Amino acid sequence: QVQLVESGGGLVQAGGSLTISCAASGRTSNTYSIGWFRQAPGKEREFVAGISPSASRTYYANSVKGRFTISRDNAKNTVYLQMNSLKPEDTAVYYCAAGYGTITVKYEYDRWGQGTQVTVSS
């Protein structure tokens, strides 16, 4: 019964930066992994970044490695995705998800947020 709410999406020019947030509430909040996924028009939802409960491990898709940083503040029950050097191909709806399985596999997640739109213009 964990609820997830994304926020912080918007419009940014190529080369710019944006940070989006995933706030968790409900039965538990800090015992699960959090993953960020995105879905662009005509494409399947894909893994972007993930973080373990204690933040001891992080994972990134090759397409965002070196540009995006995932972090979590367990005191605030919030996970962040800092996105730098944004490209038009980063344009998508970004979703966060909570789960206990393999961090990079989307069907291992139990709960999903509603998503936040990120648009990168050229």
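The paragraphs below set out a description of the structure included in this document. (Residues numbered from 1 in each chain as written. Predicted model: local features only at pLDDT ≥ 70, side-chain atom pairs only at ≥ 80, totals over all residues. Heavy atoms only, no water.)

Right, let's get into the sheet that holds strand 8 (residues 78–83). As summarised here, the arrangement of the four strands in space is 1-3-8-7, forming an open sheet in which the pairing is antiparallel. The open sheet is flanked by strand 1 (3–7) and strand 7 (68–73), the only strands paired with a single partner. Recorded for the sheet is a direction-independent mean angle of 15° between the axes of neighbouring strands. (Pairing = 2+ DSSP bridges. Helix = DSSP H or I, 4+ residues; strand = E, 2+ residues; numbered from the N terminus. Axes fitted to C-alpha atoms, helices over the stretch in contact; angles between N-to-C directions.)

In this section: the packing of aromatic side chains. Following the criterion strictly, the structure yields five aromatic pairs and no others. Aromatic pair Y32 and Y100: ring centres 6.4 Å apart, planes at 90°, arrangement edge-to-face. Of this pair, Y32 sits in the loop between strand 3 (18–25) and strand 4 (33–39) while Y100 is found in the loop between strand 9 (92–99) and strand 10 (109–112), placing the two residues 68 residues apart along the sequence. The exposure class assigned to Y100 is exposed, which follows from its relative accessible area of 56%. The cationic tip of R45 hangs over the ring face of Y95; the distance from NZ or CZ to the ring centre is 3.7 Å. One Lys or Arg, R45, reaches over the ring of W112 and ends 5.1 Å from the middle of that ring. (Phe/Tyr/Trp six-rings, centres within 6.5 Å; stacked < 30°, edge-to-face > 60°. Buried < 20%, exposed > 50% of the residue type's maximum accessible area, 1.4 Å probe, protein only. Lys NZ or Arg CZ within 6 Å of the ring centre and 35° of its normal.)

Turning our attention to the pattern of salt bridges. In the structure shown here, the tally under the stated rule is four salt bridges. Notably, a salt bridge pairs E46 with R38, separated by 2.9 Å at the nearest N-O pair. D90 serves as the salt-bridge partner of R38, at 3.0 Å between the closest nitrogen and oxygen. In this pair, R38 is assigned in strand 4 and D90 in the loop between strand 8 and strand 9, connecting sequence segments 52 residues apart. Each member of the pair, R38 together with D90, is buried. Residues participating in the shared-partner salt-bridge network are R38, E46, R67 and D90. (Salt bridge = Lys/Arg side-chain N within 4 Å of Asp/Glu carboxyl O.)

Bringing the environment of V118 into the picture now. Summarising the element assignment, V118 is placed in strand 11 (residues 116–121). Taking relative accessible area as the criterion, V118 reaches 0% and is therefore assigned buried. Distance in space between the C-alpha atoms of V118 and L18 is 8.7 Å, their sequence separation being 100 residues. The contact partners of V118, leaving out residues within four places of it in the chain, are G9, G10, L18, I20, M83, D90, T91, A92 and Y94. (Contact = heavy atoms within 4.5 Å.)

In short, the description is geometric, and any link to function would need to be established separately.
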